[in-house]
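Structural overview
The residues making up each chain are set out below.
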Amino acid sequence: QVQLVESGGGLVQTGGSLRLSCAASGSTFSIVAIGWYRQAPGKQRELVAGIRSDGTITYTDSVKGRFTISRDNAKNTVYLQMNSLKPEDTAVYYCNAYIPRGLGVSTNYWGQGTQVTVSS
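These numbers were taken from a predicted model, which means no experiment stands behind them. (Residues numbered from 1 in each chain as written. Predicted model: local features only at pLDDT ≥ 70, side-chain atom pairs only at ≥ 80, totals over all residues. Heavy atoms only, no water.)

Here's the deal with the state of the cysteines
The condition is simple: Pairs of cysteine sulfur atoms within 2.5 Å are what we label disulfides. Each helix is a run of DSSP H or I of at least 4 residues and each strand a run of E of at least 2, with the numbering of both proceeding from the N terminus. Relative accessibility decides the category of a residue: with a 1.4 Å probe and only protein chains considered, values under 20% of the type maximum give buried, values over 50% give exposed, and everything between is partly exposed.
The full count for this structure, using the stated rule, is one disulfide. Covalent S-S linkage joins C22 and C95, the inter-sulfur distance amounting to 1.9 Å. Taking the sign of the torsion about the S-S bond as the criterion, the disulfide between C22 and C95, at about -75 degrees, is left-handed. With C22 in strand β3 (residues 18-26) and C95 in strand β9 (residues 91-102), the pair connects residues that are 73 residues apart, well separated along the chain. Looking at C22, the relative accessible area reads 0%, which means it is buried. According to the relative accessible area criterion, C95 is buried, its value standing at 0%.

A short note on the pairing of strand β8 (residues 77-82)
Heads up, the condition is: Here, a strand pair is defined by DSSP locating no fewer than two bridges between the strands.
β8 sits mainly inside the fold: five of its six residues count as buried. Strand direction decides the pairing type here: β3 and β8, joined by six bridges, are antiparallel. Looking at the pairing, A23 lines up with T77 of β8. When strand β7 (residues 67-72) meets β8, the two strands line up antiparallel, connected through six bridges. Bridged to D72 within β8 is T77. Between β7 and β8, which pair antiparallel one after the other, the connecting turn spans four residues, and N76 there sits at a positive phi close to 50 degrees.

Pasting the structure below:
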């Protein structure tokens, strides 16, 4: 079992910054990748950024150059630094932990989500 707790959301003006944190606990040694997803009202949940255990990082195109994902292994925490925020970044942001189980089976754990609101 893995538990994920997000923090750091809030209300910010256009052009502002926020840093989200995702603290993992439990069987963290089995996590292969942690991703930040977001879901805006009426839209599907989308992957924003992800970091794998080998250090590979991916970003969705709309946040490249503005968002930075990083991790602190000693604290079992993954961060999402969000700069130059835009109103279209407004969403609930979720942390996800991906654990492959073999034979094509995997487990995904989710945090409770944190609201990010960017005012124009």
